Amino acid sequence: MRLVQKGIWRKKLDVADLLERKGCYEFTLLEDKLSVREELFEIWWYAYDGNNHILAKNKNYPHHLYFLLLEPGDLFGVNDFRDFLETGELKQPIAIDFKKNG
């Protein structure tokens, strides 16, 4: 998982409209009111150019936007974004070896 882009949007913003204008037709709202340090965020998943992405939009004006790319094998939980804002680092997947029984 890596941060692709972040920025500030100074106009009224509807994420679904933004994604459709970008050519994304597979998307869903994962969390409507994620609270991080007294700020609220919308967390969206979307597919673009064959890859999975996360868009986090601050609900306060001006809107801070964070675009994350989920790379193959990445798992994303809404709290991963909270951890990113609090620590400045994205959670990396941890490989787990399973032992075969029998």
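This section reports on the structure supplied with the text. Quantities reported herein were computed from a predicted structural model and do not represent experimental measurements. (Residues numbered from 1 in each chain as written. Predicted model: local features only at pLDDT ≥ 70, side-chain atom pairs only at ≥ 80, totals over all residues. Heavy atoms only, no water.)

Now for the pairing of strand E3 (residues 39–48). Relative to E3, strand E2 (residues 27–36) is paired through seven bridges, and the arrangement is antiparallel. Its bridge partner being in E3, Leu29 is matched across the sheet by Trp44. Where E3 hands over to strand E4 (residues 51–58), the hairpin turn is made up of two residues, of which Asp49 adopts a positive phi near 55 degrees. (Pairing = 2+ DSSP bridges. Helix = DSSP H or I, 4+ residues; strand = E, 2+ residues; numbered from the N terminus.)

A word on the pattern of salt bridges. Opposite charge on two side chains permits them to pair, given that their charged atoms come into close proximity. This structure, assessed with the given rule, holds four salt bridges. The salt bridge partner of Glu42 is Lys57, with a shortest N-O separation of 3.9 Å. A residue pair is termed long-range when its members are at least 10 positions apart, and Glu42 in strand E3 and Lys57 in strand E4 qualify at 15 residues. Here the two residues Glu42 and Lys57 agree in accessibility, since each one is buried. Glu42 serves as the salt-bridge partner of Lys59, at 4.0 Å between the closest nitrogen and oxygen. Residue Lys59 is located in the loop between E4 and strand E5 (63–70), and its partner Glu42 is located in strand E3; the two are separated by 17 residues in the primary sequence. On the accessibility criterion, Glu42 (11% relative accessible area) is buried. Among the charged side chains, a network of salt bridges with common partners joins Asp32, Glu42, Lys57 and Lys59. (Salt bridge = Lys/Arg side-chain N within 4 Å of Asp/Glu carboxyl O. Buried < 20%, exposed > 50% of the residue type's maximum accessible area, 1.4 Å probe, protein only.)

Per the stated rule, a full pass over the model turns up six aromatic pairs. Ring centres of Phe27 and Trp44 lie 6.0 Å apart, and the angle between their planes is 55 degrees; on these two criteria the pair is classed as tilted. Taken together, the residues Phe27 in strand E2 and Trp44 in strand E3 connect sequence positions 17 residues apart. Residue classification places Trp44 among the buried residues on the basis of a relative accessible area of 10%. Geometrically, the ring pair formed by Tyr66 and Phe81 is edge-to-face, given 5.4 Å between the ring centres and 65 degrees between the ring planes. Remark: Phe81 occurs in helix H2 (residues 78–87) and Tyr66 occurs in strand E5; sequence separation between them is 15 residues. (Phe/Tyr/Trp six-rings, centres within 6.5 Å; stacked < 30°, edge-to-face > 60°.)

Another point: the nonpolar core. Ranked by size, the top nonpolar core spans 15 residues in total, and within it Leu34, Phe41, Ile43, Tyr66, Phe81 and Leu85 carry the most contacts. Counting only elements with at least two residues in this core, the list comes to E2, E3, E4, E5 and H2. No other element matches H2, which puts four residues into this core. Setting aside anything within four residues of it in sequence, one finds Tyr66 in contact with Leu3, Gln5, Lys6, Phe41, Ile54, Leu55, Ala56, Phe81, Phe84 and Leu85. Tyr46, Leu55, Leu65 and Phe67 belong to the second-largest nonpolar core, a separate cluster that totals 11 residues. (Core = buried A, V, L, I, M, F, W, Y, C linked by side-chain atoms within 4.5 Å. Contact = heavy atoms within 4.5 Å.)

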